[in-house]
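# Reading the structure
Below, each chain spelled out in residue letters.
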Protein chains: 2
Amino acid sequence: MNSDFSIAVHCVTYLAKKQNQRVTSEDIAQSVSVHPVRLRKILSTLRKENIITSKEGAKGGFSLNDPPEHITLDKIFKITSEETLVPKCPDSNENCPIGKNLSDILIRIFHNAEEHFLNYLKGVTIKDIIDEINNS
Amino acid sequence: MNSDFSIAVHCVTYLAKKQNQRVTSEDIAQSVSVHPVRLRKILSTLRKENIITSKEGAKGGFSLNDPPEHITLDKIFKITSEETLVPKCPDSNENCPIGKNLSDILIRIFHNAEEHFLNYLKGVTIKDIIDEINNS
DNA sequence: ATAAACTGTAATCATTATTATTACATTTAG
DNA sequence: CTAAATGTAATAATAATGATTACAGTTTAT
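Calculation criteria
- Residues numbered from 1 in each chain as written.
- Chains lettered and ligands numbered in written order.
- Predicted model: local features only at pLDDT ≥ 70, side-chain atom pairs only at ≥ 80, totals over all residues.
- Heavy atoms only, no water.
- Salt bridge = Lys/Arg side-chain N within 4 Å of Asp/Glu carboxyl O.
- Helix = DSSP H or I, 4+ residues; strand = E, 2+ residues; numbered from the N terminus.
- Buried < 20%, exposed > 50% of the residue type's maximum accessible area, 1.4 Å probe, protein only.
- Pairing = 2+ DSSP bridges.
- Axes fitted to C-alpha atoms, helices over the stretch in contact; angles between N-to-C directions.
- Parallel < 35°, antiparallel > 145°, perpendicular 65-115°, else oblique.
- Left-handed = near helix turned anticlockwise from the far one by under 90°.
- Contact = heavy atoms within 4.5 Å.
- Nonpolar A, V, L, I, M, F, W, Y, C, P; charged D, E, K, R; others polar.
- Core = buried A, V, L, I, M, F, W, Y, C linked by side-chain atoms within 4.5 Å.
- Buried area = accessible area lost by both parts, 1.4 Å probe.
- Polar contact = N/O pair within 3.5 Å; in protein donor to acceptor, adjacent residues only side chain to side chain.

Scanning the entire structure with this criterion turns up eight salt bridges over all chains. The salt bridge partner of A:Lys127 is A:Asp131, with a shortest N-O separation of 3.1 Å. On the criterion of helical spacing, the pair formed by A:Lys127 and A:Asp131 is a turn pair, its members being four residues apart in helix H6 (residues 126-134). Relative accessible area serves as the criterion here: at 36%, A:Lys127 is assigned to the partly exposed category. Across the pair B:Asp4 and B:Arg38 runs a salt bridge whose closest N-O atoms are separated by 2.9 Å. Highlighted residues: B:Asp4 in helix H1 (residues 4-17) and B:Arg38 in helix H3 (residues 36-48), separated in sequence by 34 residues. For B:Arg38, a relative accessible area of 31% translates into the label partly exposed.

In this section: the pairing of strand S1 (residues 52-55) of chain A. In this sheet, strand S2 (residues 61-64) of chain A lies alongside S1(A) in antiparallel orientation, the contact comprising four bridges. Directly across from A:Thr53, in S2(A), lies its bridge partner A:Ser63.

Attention shifts here to the packing of helix H1 (residues 4-17) of chain A against helix H5 (residues 97-121) of chain B. Across the interface, H1(A) lies against H5(B) with an axial gap of 11 Å and an inter-helix angle of 125 degrees. Classified by the angle their axes make, H1(A) and H5(B) are oblique. Two packed elements cross with a definite hand, and for H1(A) against H5(B) that hand is right-handed. Residues A:Phe5, A:Ser6, A:Val9, A:His10, A:Thr13, A:Tyr14 and A:Lys17 of H1(A) form the contact with H5(B), whose own contacting residues are B:Ile98, B:Gly99, B:Leu102, B:Leu106 and B:Phe110. For the contact of H1(A) with H5(B), a count of residues per class yields seven nonpolar, four polar and one charged.

A word on the nonpolar core. Ranked by size, the top nonpolar core spans 92 residues in total, and within it A:Leu73, B:Leu73 and B:Ile126 carry the most contacts. It is H5(B) that contributes the most residues to this core, 11 residues altogether. Not counting residues up to four positions away in its chain, the partners in contact with B:Leu73 are A:Ile109, B:Phe5, B:Val9, B:Leu121, B:Val124, B:Ile126 and B:Ile129.

With that settled, the discussion passes to the interface of chain B and chain A. A common way to report how large an interface is uses the accessible area buried once the components associate. With 50 residues of chain B at the contact, the number on the chain A side is 50 residues. On the chain B side of the contact with chain A, B:Met1, B:Ile98 and B:Tyr120 bury the most area, a combined 16% of that side's loss. In this structure, the connection of chain B to chain A is made through two salt bridges. One salt bridge in this structure joins A:Glu132 and B:Arg108, with 2.6 Å as the shortest N-O distance. Between chain B and chain A we count four residue pairs in polar contact (both at pLDDT 80 or more) in total.

Here it is as structure tokens:
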């Protein structure tokens, strides 16, 4: 798994803290310690999923669409990292009854496990994170 | 995440199918399509956790310790892949209140999410997998 | 209308993680 | 004593991730 998810959460949290302001990728990059181009790629997917809005050009930047208490982590996880929990299986031997079927079976099992995982993340909002930050 | 977990499940399932026989890493490698040395490394960790027994030397090999219905996937996952769900966070800016705290908070959240994930895997045994293979 | 400050994105390079392979020590059966 | 195994370290090859460069397009302000 790459770190797109945690970077995305960082971005959204950052934007939530600066609600009603427009923030540049350069600015966010300062906080996350990640190259602005990479951030823009991640922010771009968040935009396509209507989590944030971007504005090009001078005085442009990014801003949150919804209040932090409405943004749950499962959504961000789905956008950035869906399916990454499902393990890669080596392409096992087609002539072996175990190898032949195991991959499909494991994928199914992991799908279910991932749902339990996401279900927990659904209960955590960006506001929860901000509250935790404020209390620490 | 690497594919150690799915390889380990494959190995254990294979050994379960050949209960009371001793199987070589070469033999398992045929089914999994993975290099025997890599298998032995993974099998070695399973041995240390008492999932399987190995015997060196001629006529040596690997065998299962317990009946398949007693082996749950969460155990195998813990052995091979514990903590791999917790996202890597870039070392973010210490001078930024968000960056400073977010990493710890995310790690905590993911710990909890992983528990839900494992809890589901705890309900799946190697016997379940064998049954699925037999029915397909 | 043009310069400056942005986003959007493709392409390349560097780094890291994963996997395969080689080599060899050790153990055991026959 | 030899052949067939495991155990494991070291190296090499491949794949994934991440940083950087380059540049096109958009918008603001002068």
